[in-house]
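A closer look at the structure
Here's the letter readout for the chains.
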Amino acid sequence: EAGVAQSPRYKIIEKRQSVAFWCNPISGHATLYWYQQILGQGPKLLIQFQNNGVVDDSQLPKDRFSAERLKGVDSTLKIQPAKLEDSAVYLCASSLGTWQPNTGELFFGEGSRLTVL
Amino acid sequence: KNQVEQSPQSLIILEGKNCTLQCNYTVSPFSNLRWYKQDTGRGPVSLTIMTFSENTKSNGRYTATLDADTKQSSLHITASQLSDSASYICVVSDYKLSFGAGTTVTVRA
């Protein structure tokens, strides 16, 4: 079974530029998560989708971050404009769960490492 | 606010030795508790997931324990190997997932 795919693996940009990350979850997984992981910290949830609807985006900085999951499959996370503090690893995860999305096994991608100069 | 506290922040052990990592949480109500292993530069990988009724779960040389009354969990690594060098993250779920900051384990030959 193919895992969660993310791209790009690494991205270096200057502040105020824009960047987009892509995630393809495991086939059939209804729930998709985007996490931000700053060095030395645990992942912080940015947004959670169930199919193509948003379940939780309470910690997404909506003035600069946006995410979409068209057709309930793959997803993109965009940052515009980027700030220095956005330097982090952006992890995508998926789980099978539908009715109770937070009880299922969570599968993570390898992450996209963003450096903002 | 639901919190997950892990200790120690980091530890160094010699190959072949055992170690125990701690996780204390205030998440309530409680659905399940998970331990993940995150190698440097990789995404977290699930080691164990325990529900309220389970107090011990093993995955090879990894054994997780859960005391739901005291809201504590531990992860025990037996006969450590160099490949165990990683960050270990405790995650507690009610209707949301709450992540700890992780414990970084370094195994030295």
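Please refer to the structure higher up on the page.
As the structure is a computational prediction, the values presented were derived from the model and not from experiment.

1. A closer look at the pairing of strand S3 (residues 19-25) of chain B
Residues and elements named next belong to chain B. Only one face of S3 is buried, namely the one carrying Cys-19, Leu-21, Cys-23 and Tyr-25, since none of Thr-20, Gln-22 and Asn-24 on the opposite face is buried. Bridge analysis of S3 against strand S8 (residues 72-77) gives six bridges, and the strand direction is antiparallel. Counted as the bridge partner of Leu-21 is Leu-75 from S8.

2. Considerations on the packing of aromatic side chains
Residues and elements named next belong to chain A. Counting across every chain of the model gives 10 aromatic pairs over all chains. On the numbers, 5.3 Å between centres and 20° between planes, the contact of Phe-21 with Tyr-90 is stacked. Residue Phe-21 is found in strand S3 (residues 19-24), and its partner Tyr-90 is found in strand S9 (residues 88-95); the two are separated by 69 residues along the sequence. Each member of the pair Phe-21 and Tyr-90 is classed as buried. When the ring of Tyr-35 is compared with that of Phe-108, the centres are 5.8 Å apart and the planes differ by 45°; the resulting orientation is tilted. Taken together, the residues Tyr-35 in strand S4 (residues 31-37) and Phe-108 in strand S10 (residues 107-108) connect sequence positions 73 residues apart.

3. Brief notes about the interface of chain B and chain A
With 19 residues of chain B at the interface, the matching set in chain A holds 20 residues. A combined buried area of about 1400 Å² lies between chain B and chain A, and 44% of that area is made up of carbon and sulfur atoms. Of all residues in chain B, Pro-44, Leu-97 and Phe-99 of chain B give up the largest surface area on contact with chain A, accounting jointly for 29% of the area buried on that side. At the surface where chain B touches chain A, the tally comes to two salt bridges.

4. Comments concerning the pattern of salt bridges
In this structure the tally under the stated criterion is seven salt bridges over all chains. Note that Asp-86 of chain A and Arg-64 of chain A form a salt bridge whose closest N and O atoms lie 2.4 Å from each other. Of this pair, Asp-86 of chain A sits in the loop between strand S8 (75-79) and S9 while Arg-64 of chain A sits in the loop between strand S6 (53-56) and strand S7 (65-68), and the two are 22 residues apart along the sequence. Comparing Asp-86 of chain A with Arg-64 of chain A, the two get one shared label, buried. A salt bridge links Asp-39 of chain B to Lys-37 of chain B; the nearest nitrogen and oxygen atoms lie 3.8 Å apart.

Parameters and conventions
Sequence order as written defines the numbering, with residues in each chain counted from 1. In the order they appear in the text, chains get letters beginning with A and ligands get numbers beginning with 1. Per-residue local features are limited, in this predicted model, to residues with pLDDT of at least 70; the limit for side-chain atom pairs, both in listing and counting, is 80 or more; totals at the level of whole chains, interfaces and linings are taken over all residues. Side-chain descriptors were evaluated using all non-hydrogen atoms of the structure, hydrogens and water having been removed beforehand. Classification of residues uses two cut-offs on accessible area relative to the type maximum, computed with a 1.4 Å probe and protein chains only: under 20% is buried, over 50% is exposed, and between them is partly exposed. What counts as a helix is a DSSP run of H or I of at least four residues, what counts as a strand is a run of E of at least two, and both are numbered from the N terminus. Strands were regarded as paired on the criterion that DSSP finds at least two bridges between them. Geometry of aromatic contacts follows a simple scheme: Phe, Tyr and Trp rings, the Trp one being its six-membered ring, pair when their centres are within 6.5 Å, and the pair is stacked under 30 degrees between planes, edge-to-face over 60, tilted otherwise. Here, two residues are considered to be in contact whenever any of their heavy atoms come within 4.5 Å of each other. When two parts are put together, the accessible area they lose, computed with a 1.4 Å probe and summed over both, is reported as buried area. By salt bridge we mean one thing: a side-chain nitrogen of Lys or Arg within 4 Å of a carboxyl oxygen of Asp or Glu.

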